[in-house]
Amino acid sequence: MNKFVPVILIFLLAIFVSIMVGPAQLTSEIIQLRLSRVILGIFAGGILAFCGGVLQGLFGNPLVEPYTLGSASGAALGGSIGILLFGTISPLFAFFGSLGVGFFVFTVARIEGGLLRDRLILAGVVMSFLCSSLVMIIMVMGGRELYEILYLLMGYLGIIINAENRLFIILMIVLSAVLMLFLYRYHRELDIISQGLETAAGLGIDIQKFSVIIFLITSLLIGLTVSLVGAIGFVGLVIPHISKLLFGPKHLYNLPASFILGATFLLLADTVSRIITVYELPVGVVTSLIGVPFFIYLYRK
Amino acid sequence: MEAIKAKNIYFSYNTKDVIKNVSFSLEQEEFLGIIGPNGAGKSTILRILCGILRPKTGDIFIFNKDINDIDKKTLAQKIAFVPQETHFALNFPVKDIVLMGRFPYLRAFQREGRKDLEATKHALAYAQVVEFRKRPINSLSSGERQRVVLARALAQEPEILILDEPTSHLDLHHQYAIMELLKKLNTEGMSIIIVNHDLNLASLYCQRLVLMHKGCIFSKGTPQSLINEKTLNDVYKTEVKIIKHPYKNVPQIFFHPKGE
């Protein structure tokens with residue numbers, strides 16, 4: 001797949017740009033600061049796009065992403081509760097929020113029986129709305145924490161990696177890498193499932209078990225991501241589509257491509273968010289600002 | 001030894017019983033047709049036989065082994081299923097689709113080997129879709145797509161082939177092509193179950209028929225013994241005229257327009 005060469009080159013360029021470009025002078029401190037943003041950007045953008053690709057494959061639905069399944073909103077809700085209680089983002093809360101809502105959505109869909117995946121999407125969208133309302137209530141109650149919750153909702157790569165949290169962040173990244181590799185094992189199943197559940201079952205895939213595994217692991221990954229950088233939208237929806245347009249339908253290729261493209265996209269969006277106004281914008285604002293027109297352009301083409 | 005043996009199968013969606021006490025078997029190298037009116041439970045019983053649906057009660061044996069004791073991938077090496085229509089959400093090239101038939105033989109991260117590529121090549125040739133192998137699946141006509149799905153099933157190298165109305169949306173030529181292909185596979189040793197609404201085709205190609213009605217088996221037997229005006233009137237509530245096929249000793253059905 002020689003298409004990976006230009007994509008990786010652009011990725012490296014994005015890393016370079018996001019370290020070099022910005023309003024402040026290039027001191028070693030600034031470089032360190034931006035380096036930690038780069039690490040978080042690759043981590044978050046890559047995971048969101050990768051999970052989006054996996055979920056779109058599993059559900060055979062182009063609109064599915066971490067948001068439509070409720071896990072991103074659940075993580076935001078959990079994170080907000082953490083901010084309200086402790087005044088700061090606590091990864092554990094976001095993580096359990098994601099898993100909790102994910103699990104709830106799953107249970108609702110399971111009780112109904114029948115075709116699991118249609119109901120999952122419906123339950124996920126409904127739960128997303130509920131979570132958003134609850135976050136609004138928390139924002140109104142919080143007052144002083146409103147600003148922080150806003151950044152959690154829109155995403156922010158500005159956490160500084162320091163001696164205190166270094167080990168924790170490394171651990172999160174290693175865990176995510178292991179989880180993604182585990183999902184990647186199922187690239188062939190995802191190819192097959194695009195031809196319908198019956199075909200997949202006829203070829204020997206245990207649909208029920210497979211859906212549970214994918215759903216729980218993506219929830220876990222989303223929880224990890226949101227707890228570090230907030231709920232960044234649009235990466236998980238748009239990037240997998242672009243990846244499929246460039247690399248074709250085979251998940252063996254388009255999943256790793258999604259990761260690289262997602263990381264690239266988020267790094268560039270973050271760079272824009274730092275230079276576009278005097279105040280730094282939440283990166284999620286920029287991802288939708290760039291993502292929506294780009295997406296429409298690609299689809300009209 | 002029977003290829004498939006189904007004993008006292010019951011199945012229900014929610015509370016509605018759709019399969020009631022169905023028992024029958026597929027002999028090895030047999031070409032069996034399941035016929036019956038809409039909603040008789042034909043498609044449901046097919047899905048139960050290939051392990052996609054689990055019966056509420058009853059036993060299924062595949063080559064004398066309980067289906068519940070067979071690992072899903074192992075089962076897919078023995079039985080291949082061709083659904084009535086496949087929707088291709090992702091526009092894979094034809095050869096990739098057929099190669100997916102090798103899934104039951106592959107472990108995670110295992111690359112397709114020479115054996116897999118050979119089986120795929122063979123299946124493409126058999127289903128006469130070699131010329132399309134590089135084309136995206138959704139650029140093909142429905143008849144061509146159905147042959148690709150059949151090729152994917154053949155790439156599974158199954159001993160039993162189960163097909164749900166494979167000819168239902170096809171024109172005369174493609175109907176004939178599919179049925180002839182199945183006949184050829186059958187003479188080479190493949191055991192086949194087919195659900196077919198076209199009773200004339202079923203009568204012409206199947207060695208034995210199972211007639212289902214309202215979730216039960218109404219009757220079983222050769223086309224000659226099973227297809228007669230009384231039975232069809234009882235089950236389909238339709239008056240038909242039956243005469244013998246000009247070249248083959250099987251019954252063929254003709255409608256009888258009212259008042260003529």
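Anything mentioned here points back to the structure above.
Residues numbered from 1 in each chain as written. Chains lettered and ligands numbered in written order. Predicted model: local features only at pLDDT ≥ 70, side-chain atom pairs only at ≥ 80, totals over all residues. Heavy atoms only, no water.

A word on the overall build of chain A. Per the secondary structure count, chain A includes 13 helices and 0 strands. Starting at the N terminus, the α and β elements of chain A follow one another as α-α-α-α-α-α-α-α-α-α-α-α-α. Radius of gyration (C-alpha) of chain A: 19 Å, near the 19 Å computed for a compact globule of 301 residues. In terms of overall dimensions, chain A has a C-alpha envelope of 60 × 50 × 40 Å along the principal axes. Counting over 301 residues, chain A shows a buried share of 55%. Within chain A, counting contacts between residues at least 6 apart in sequence, those at least 24 apart form 74% of the total. Roughly 13,300 Å² of accessible area belongs to chain A as shown, and the carbon and sulfur atoms make up 74% of that amount. Considering chain A, the positive charge centre built from 16 side chains and the negative charge centre built from 13 side chains are found 8 Å apart. (Helix = DSSP H or I, 4+ residues; strand = E, 2+ residues; numbered from the N terminus. Rg over C-alpha atoms; globule rule 2.2 N^0.38 Å. Buried < 20%, exposed > 50% of the residue type's maximum accessible area, 1.4 Å probe, protein only. Contact = heavy atoms within 4.5 Å. Areas by Shrake-Rupley, 256 points an atom, 1.4 Å probe, with all protein chains shown as cover. Lys, Arg positive; Asp, Glu negative; His and termini not counted. Charge placed at Lys NZ, Arg CZ, Asp CG, Glu CD.)

What follows concerns the pairing of strand S3 (residues 31-35) of chain B. Residues and elements named next belong to chain B. Counting buried positions along S3 gives 5 out of 5 residues, so the element sits mostly inside the fold. Here 4 bridges tie S3 to strand S8 (residues 191-195), and the two strands are oriented parallel to one another. When the sheet's bridge partners are listed, glycine 33 is paired in S8 with isoleucine 194. Examined bridge by bridge, S3 and strand S9 (residues 208-213) share 4 bridges and lie parallel to one another. Paired with glycine 33 across the strands is leucine 209, a residue of S9. (Pairing = 2+ DSSP bridges.)

A few words on the packing of helix H3 (residues 71-86) of chain A against helix H10 (residues 207-229) of chain A. All names here are of chain A. At a minimum axis separation of 9 Å, H3 and H10 run at an interaxial angle of 40°. Looking at the two axes, H3 sits oblique to H10. Crossing of H3 over H10 shows right-handed handedness. The segment H3 lies against H10, with Ser71, Ala72, Ala75 and Ala76 engaging Ser219, Ile222, Gly223 and Val226. Residues of the contact of H3 with H10, tallied by class, amount to 5 nonpolar, 3 polar and no charged. (Axes fitted to C-alpha atoms, helices over the stretch in contact; angles between N-to-C directions. Parallel < 35°, antiparallel > 145°, perpendicular 65-115°, else oblique. Left-handed = near helix turned anticlockwise from the far one by under 90°. Nonpolar A, V, L, I, M, F, W, Y, C, P; charged D, E, K, R; others polar.)

Taken by themselves, the reported measurements are silent on function.
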